[in-house]
Amino acid sequence: MPYQEHLQETGRQLPHTGHLRSARTRFATLISLLSGVILLLFPASAITATTAAAFQRIEAVRADWNAQTPPATGWTTVTLPDDWSLRWPGFDGVVWYRLSWEQTDATAPVGLMMDYLNMAGMVSLNGVQLSRDQSLTEPLTRAWNTPRYWQASPPLLRSGQNILLIRVSGLAAYQPGLGPVTLGTPTDISARYTHEYWLRHDLQLFSLAVSATLGCFFLALWILRRREAEFGWFGLMSLTWWLYASNQIKLTTWPFATTDAWQAAVSILFLVYSASFTMFVLRNGPRRHRRTELAVWAMVVFGSIAMCLTPHGRMQEMRAWLALIPVLTYIASCFLFFYFAWRQRRVEQLILAACLAIFIVVGIHDLLVFLKILDSNIYYSAFASQIQMVAMALVLGWRFVANLSRIECFNEELHVKVESAKEALAQTLKREHELQVVNVRLGERLNLAHDLHDGLGGTLVSSIATLEHAPESIPSSRFLTILKELRDDLRIIIDTASSYQLDETSLAEMLAPLRHRFGVLFESQNIVCRWQLSGIEDCHLPTAQSLDIMRILQEGLTNVLKHSRASRAHVELRGDASELVLRIRDNGIGFDFPMQESKAGTGMKSMQLRTSRLGGTFEVRRIDGETVLNITLLHRYA
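No experiment lies behind these values; they were computed from the predicted model shown.

Trainee: Please set out the nonpolar core residue by residue, giving values where relevant.
Mentor: In terms of nonpolar packing, the biggest core is built from 41 residues, with Phe277 and Phe280 touching the most fellow members. At the level of secondary structure, the elements contributing two or more residues to this core comprise helix 4 (186-224), helix 5 (229-245), helix 6 (259-283), helix 8 (315-344), helix 9 (347-370) and helix 10 (381-469). In terms of residue count, the dominant contributor to this core is helix 9 (nine residues). Counting residues in each nonpolar core, the second largest holds 33 residues, with Phe522, Ile536, Leu557 and Ala569 among its members.

The structure is reproduced here in structure tokens:
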């Protein structure tokens, strides 16, 4: 539980008058039904303060801050443990305690143990100083939770009367006084001191280490998984508890200059801790509780402001209320968590709820000590933080196993779905492959039709035009030449259709037979044809691309022979590092292609298709009485 240190410093200081008395009475009524259970859980030996019966006389006297020796008069008999704020309300200063006993055998060593003094002090035996805290004036050394042990032997120990003198410096708001002092054999007292030191110091260090580890771990987990908000709040709660619990073992008020400032910071940390735990519980619920969360942090803000503005004279009452309110909030949050766990029935929440039930029992015990219903100075809340570690480890382990199970199930489902998807994909790829084969075949047939039209068809058309022009004057050798041209053209188509390798022949070498054949055709029809070739000697293209360029040129020249009625034609094929340009001009009747594109024949559409396949631009224009066919290919074809 988070309020151990705060209770240890405030529980013994509440006055028996005023509104604090009524608050204590009302709260005691609320928890009286549980007192019997707590008394059964904690034996009387653990909750009953020990007063050393060996001392024959225990006296106390007040003095000012600068007193180096006790006053000679004014001594009053007291019992230990002693809280002088109940005897001298509002007194801030120094109280001297004088403990005397008769020693019959001075040769036998004696063990002395002091459970605590609050806040700082000096101890001497028979005028010899045994210990002295570093600062006996403000800011006081915080020795309130430090047990001390000495072994006295001659000459320090005397036969007859021995006097143990203890100077205590304290403030009325923080239970100033002296705890139990025990006298006995060194073996017994040493064993008791070892146990007390382990309880008040070593176990506190272990608790601090656990809290720091938990806080860093859960904050890191929250940073990695921001949606797990409850882990972030638990991390903040653990780190706040770590800062708060340092009050148990810290001997100075650093970084604060006064005890009041230190205690105000401790009270504020207690508020933040309680609020963080409440947020942790709320975020474990089925939905957000925004108004409750705002109310919790409003309590922190107003409590912190009130604590900072409280004057020294009212510090005792303010710290008491700022201990009660967060404790009640903490216990209420525990019961709220029980409700959430019961409603949601999640195993990890039920585990944590069982551990929180232990916290409530321990917390009620500490509250009974705080309210002086139980006469004890031992608080068990800090030790319950170890149960928190176990509880959260169990919760995390459970979540890890549950997530691992979900991942394994997901992997199995994913494997089944992947196999099903692979099978479906294989079927789809098979169908796609079949469609591609069909498309390839259709494409090959379409290309063959275009090649037959542009190649063999063009040769047939030009031969028919020759025969129609002068059939009676054509010798038989010319017919043989025409048939050979048809054969050669058909061979080109067949060779191209079966070739998938890059041809080592340049574009100029492939163009030579076509140029010769059309030169004869143009001459037979009295058409003057000029050729302008440049930069194509080193142009090597794949066979299919070269054939496309040849077919475009062949179809363009065939159109001149078949449709233009031209008397003059000009062919330009120019290549460089950036582009390849094919331009055919004639002075025939021609037509404006953009205006009559819808009436274009198969040959014109075939040229467009081949140009598009090569990634070029296709243009036919009527310029200055000439029809110009202009095709430009990108530099990658040059």
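Alright, that's what it looks like, and here's the rest.
Trainee: Break down helix 14 (residues 602-613) for me, citing the residues and quoting the values.
Mentor: If you check helix 14, its first and last C-alpha atoms are 16 Å apart, about what 12 residues at 1.5 Å a residue would give, namely 16 Å. Within helix 14, burial applies to Gly603, Met604, Ser606, Met607, Arg610 and Thr611. Within helix 14, the buried residues cover an arc of 160° as seen down the axis, which keeps them to one side. Just downstream of helix 14 lies Gly615, where phi reads positive at about 80°.

Trainee: I'd like a description of the pairing of strand 14 (residues 568-575), backed by residues and values.
Mentor: Every regular strand shows the same layout, with side chains that alternate between the two sheet faces. Summarising burial for strand 14: six of the eight residues are buried, a large majority. Chirality of the crossover, the property in question, places the unit of strand 13 (residues 528-534), helix 13 (residues 543-564) and strand 14 among those that are left-handed. Sheet topology places strand 14 next to strand 15 (residues 579-586); seven bridges connect them, and they run antiparallel. In the sheet register, Gly575 faces strand 15, and the bridge partner there is Leu580. Here strand 14 folds back onto strand 15 in antiparallel fashion, the turn holding three residues.

Trainee: Can you lay out the sheet that holds strand 6 (residues 117-118) for me, pointing to particular residues and giving the numbers?
Mentor: Sheets are built from strands that pair by backbone hydrogen bonding, the pairs being arranged parallel or antiparallel. With respect to topology, three strands assemble into an open sheet ordered 3-11-6, the strand pairing being antiparallel. This sheet does not close on itself; its edge strands, each paired only once, are strand 3 (82-83) and strand 6.

Trainee: Can you tell me about empty space enclosed by the protein, naming the residues and giving the values?
Mentor: Taken as a whole and judged by the stated rule, the model has six cavities of 30 Å³ or more. The calculated volume of the largest cavity comes to roughly 60 Å³. Listed by contribution, the elements that provide at least two residues to the lining of the largest cavity are helix 5, helix 9 and helix 10. When grouped by side-chain class, the residues that make up the lining of the largest cavity number six nonpolar, two polar and three charged.

Quick notes on the rules
Every chain begins its residue count from 1, and numbering advances along the sequence as written. Owing to the predicted nature of the model, reporting of local features is limited to residues with pLDDT of at least 70; listing and counting of side-chain atom pairs is limited to 80 or more, with chain, interface and lining totals taken over all residues. For the side-chain quantities, the full set of heavy atoms in the structure was used; hydrogens and water were omitted. In this description, a nonpolar core means a group of buried Ala, Val, Leu, Ile, Met, Phe, Trp, Tyr and Cys residues linked to one another through side-chain atoms lying within 4.5 Å. Per-residue accessibility, obtained with a 1.4 Å probe over protein chains only, is compared with the maximum for each type, and a residue is labelled buried under 20%, exposed over 50%, and partly exposed between these values. Under the scheme used here, helices are H or I runs from DSSP no shorter than 4 residues and strands are E runs no shorter than 2 residues, and both carry numbers assigned from the N terminus. By this rule the span expected of a helix is its residue count minus one, scaled by 1.5 Å. Arc definition: directions from the helix axis to the C-beta atoms. The path from the first strand over the helix to the second decides the hand: if it runs clockwise while the strands point away from the viewer, the crossover is right-handed. DSSP calls a pair of strands paired once it identifies at least 2 bridges connecting them. As defined here, a cavity is a set of points on a 1 Å grid over the protein atoms alone where a 1.4 Å probe fits but cannot get out. A pocket is an open set with protein on both sides within 12 Å along at least five of seven lines, and residues line them when an atom is within 4 Å of a point. Grid points are joined across faces, edges and corners, and a volume is the space filled by probe spheres set on the points. By the convention adopted, Pro, Cys, Tyr, Trp, Phe, Met, Ile, Leu, Val and Ala count as nonpolar, Lys, Arg, Asp and Glu as charged, and the other residues, Gly among them, as polar.

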